[in-house]
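Summary of structural features
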Amino acid sequence: MVYPEVIHGMFVDLRSITLDDAEFSYNIRADKRNRETVGQLAPSLEAQKDFIRWQMQEPNDYYFVVLNKKGERIGLIGAYDLHDGMIEIGREVNIGEPTESMEEGILIRDFCKNILNIHKACGVVYANNPKHISDAKKMGGVHKKNVMRGKCDALYFEYDLDEDSNRLKKIKKMLLMLHKE
Amino acid sequence: MSEEEKMSVFADVIDMDLSDFSLDTGLAELDNWDSVAMLAFIAMMDERFGKTVKGTDIRNFKTVRDAINFMV
């Protein structure tokens, strides 16, 4: 599904992915720096294009390209698989600054809550990535169960979008402090 | 700021006790050295040292000592 507006933040903007982003999204997901966090890879650029074509018309599936304030594409993030008032947040890749990767997570939460009017989100983190697990907890994620993603062990987290954890409030405060114009 | 004080500041950044790590601890071993901690390090450097830190600087840190040495 294509969200027609650009979501603006202090450090990054999110805009819906298009076919013009196919090569970028294919390459960034295949980048070895992101292999620990990225799920299944499209087997080819053409397959990635097929996925984007499917995604663009799929209801309740939002996939964004993350742009820094120079307009450069630095990442991807998505919200999808909405059911029973719960949406999954994932497909996250970022090669930018820590400020940028932190803010994209906050922007997508705000998008789900304020635009889609959804109050609960979930996310899955590979079990072999303790730093990502630590991030998920600090962002207010509650570990509910262990699951399999592909052939890998993973942890399933849920987030209450109506309640910012103290840590999340602190993160927002740090971003605000670092935002200098 | 003494080395001991810097260690204490770093402990706050990664939200761990001083007893949980040493100067030679590898940052790859510290689960708490995650994206949130990197952001906290950047914010702390800005606030306390007036220094702008890039993600590339931080990603080059191998040990706690590297991070401590950056605090000038």
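Just so you know, these numbers come straight off a predicted model, no measurement behind them.

**Comments concerning the overall build of chain B**
A tally of helices and strands in chain B yields four helices and zero strands. For chain B, the N- to C-terminal ordering of α and β elements is α-α-α-α. A compact globule built from 72 residues should have a C-alpha radius of gyration of about 11 Å, and chain B, at 11 Å, falls within 12% of that. With respect to the principal axes defined by its C-alpha atoms, chain B has extents near 30 × 25 × 15 Å. Counting only residues that meet the buried cut, chain B has 28% of its 72 residues in that class.

**Brief notes about the sheet that holds strand β6 (residues 120-126) of chain A**
Residue and element names in this part refer to chain A. One open sheet holds the eight strands; their spatial order is β1-β2-β3-β4-β5-β6-β8-β7, and the pairing between them is mixed. Single-partner strands in this sheet number two, and they are β1 (7-8) and β7 (142-149). For β6 and strand β8 (residues 152-160), the ladder comprises seven bridges, and the chain directions are antiparallel. Each bridged residue has a counterpart across the sheet, and for K120 the counterpart in β8 is D160. Across the face of the sheet, helix α3 (residues 98-115) comes into contact with β1, β2 (12-16), β3 (62-68), β4 (73-83), β5 (86-94) and β6 while running at roughly 30° to β4.

**Things to note about the nonpolar core**
Generally speaking, soluble globular proteins have nonpolar side chains that are buried together. Grouped together as the largest cluster of nonpolar side chains are 35 residues, with contacts concentrated most on A:L14, A:F64, A:V66, A:L76, A:A79 and A:I108. Of all the elements, β3(A) adds the most residues to this core, at six residues. Setting aside residues no more than four positions away along its own chain, A:F64 makes contact with A:L14, A:R15, A:S16, A:I17, A:L76, A:I77 and A:G78. Core analysis: the next-biggest nonpolar cluster, separate from the first, contains 23 residues, A:M174, B:V36, B:M38 and B:I58 among them.

**Looking at the interface of chain A and chain B**
The partner chain B presents 15 residues to the 14 residues of chain A that form the contact. Counting residues per element, the ones that place at least two in the side of chain A that touches chain B are α3, α4 (130-138) and α5 (166-178) of chain A. In terms of residue count, the dominant contributor to the side of chain A that touches chain B is α4(A) (five residues). Looking at the side of chain A that touches chain B, its residues break down into seven nonpolar, three polar and four charged.

**Some remarks on α5(A)**
The end-to-end C-alpha distance of α5(A), which contains 13 residues, comes to 18 Å, matching closely the 18 Å that a straight helix rising 1.5 Å per residue would cover. A:I171, A:M174, A:L175 and A:L178 are the residues of α5(A) that are buried. End-on view of α5(A): buried residues confined to an arc of 100°, all on one side of the axis. Structural note: α5(A) exposes A:N166, A:K169, A:K173, A:L176 and A:M177 on the side pointing more than 90 degrees away from its buried face. Residues of α5(A) that are buried make contact with α3 of chain A together with α2 (35-49) of chain B.

**Digging into the environment of A:P59**
Residues and elements named next belong to chain A. Positionally, P59 belongs in the loop between α2 (45-57) and β3. Judged by local crowding, P59 falls into the exposed class, with 6 C-beta atoms found within 10 Å. Residues P59 and V2, 57 residues apart in the sequence, show an inter-C-alpha distance of 8.9 Å.

**A short note on the confidence of the model for chain B**
All names here are of chain B. With 100% of its residues at a pLDDT of at least 70, chain B reaches an overall mean of 94. No element of chain B has a lower mean pLDDT than helix α3 (residues 55-59), at 91, and none a higher one than helix α4 (residues 64-70), at 96. If you check the scores for this complex, the pTM reads 0.94 and the ipTM reads 0.92.

**Some remarks on the packing of α5(A) against α2(B)**
One can describe the packing of α5(A) onto α2(B) by two numbers: an axis separation of 10 Å at closest approach and a directional angle of 45°. Classified by the angle their axes make, α5(A) and α2(B) are oblique. Here α5(A) and α2(B) pass one another in a crossing that is left-handed. The residues of α2(B) that touch α5(A), namely those facing A:I171, A:M174, A:M177 and A:L178, are B:V36, B:L39, B:A40, B:I42, B:A43, B:D46 and B:E47. When the residues that make up the contact of α5(A) with α2(B) are grouped by side-chain class, the tally is nine nonpolar, no polar and two charged.

Rules behind the numbers
Residues numbered from 1 in each chain as written. Chains lettered and ligands numbered in written order. Predicted model: local features only at pLDDT ≥ 70, side-chain atom pairs only at ≥ 80, totals over all residues. Helix = DSSP H or I, 4+ residues; strand = E, 2+ residues; numbered from the N terminus. Rg over C-alpha atoms; globule rule 2.2 N^0.38 Å. Buried ≥ 20, exposed ≤ 12 C-beta atoms within 10 Å, placed from the backbone. Pairing = 2+ DSSP bridges. Contact = placed C-beta atoms within 7 Å. Axes fitted to C-alpha atoms, helices over the stretch in contact; angles between N-to-C directions. Core = buried A, V, L, I, M, F, W, Y, C linked by C-beta atoms within 7 Å. Nonpolar A, V, L, I, M, F, W, Y, C, P; charged D, E, K, R; others polar. Expected span 1.5 Å × (residues − 1). Arc of directions from axis to C-beta. pLDDT = per-residue confidence, 0-100. Parallel < 35°, antiparallel > 145°, perpendicular 65-115°, else oblique. Left-handed = near helix turned anticlockwise from the far one by under 90°.

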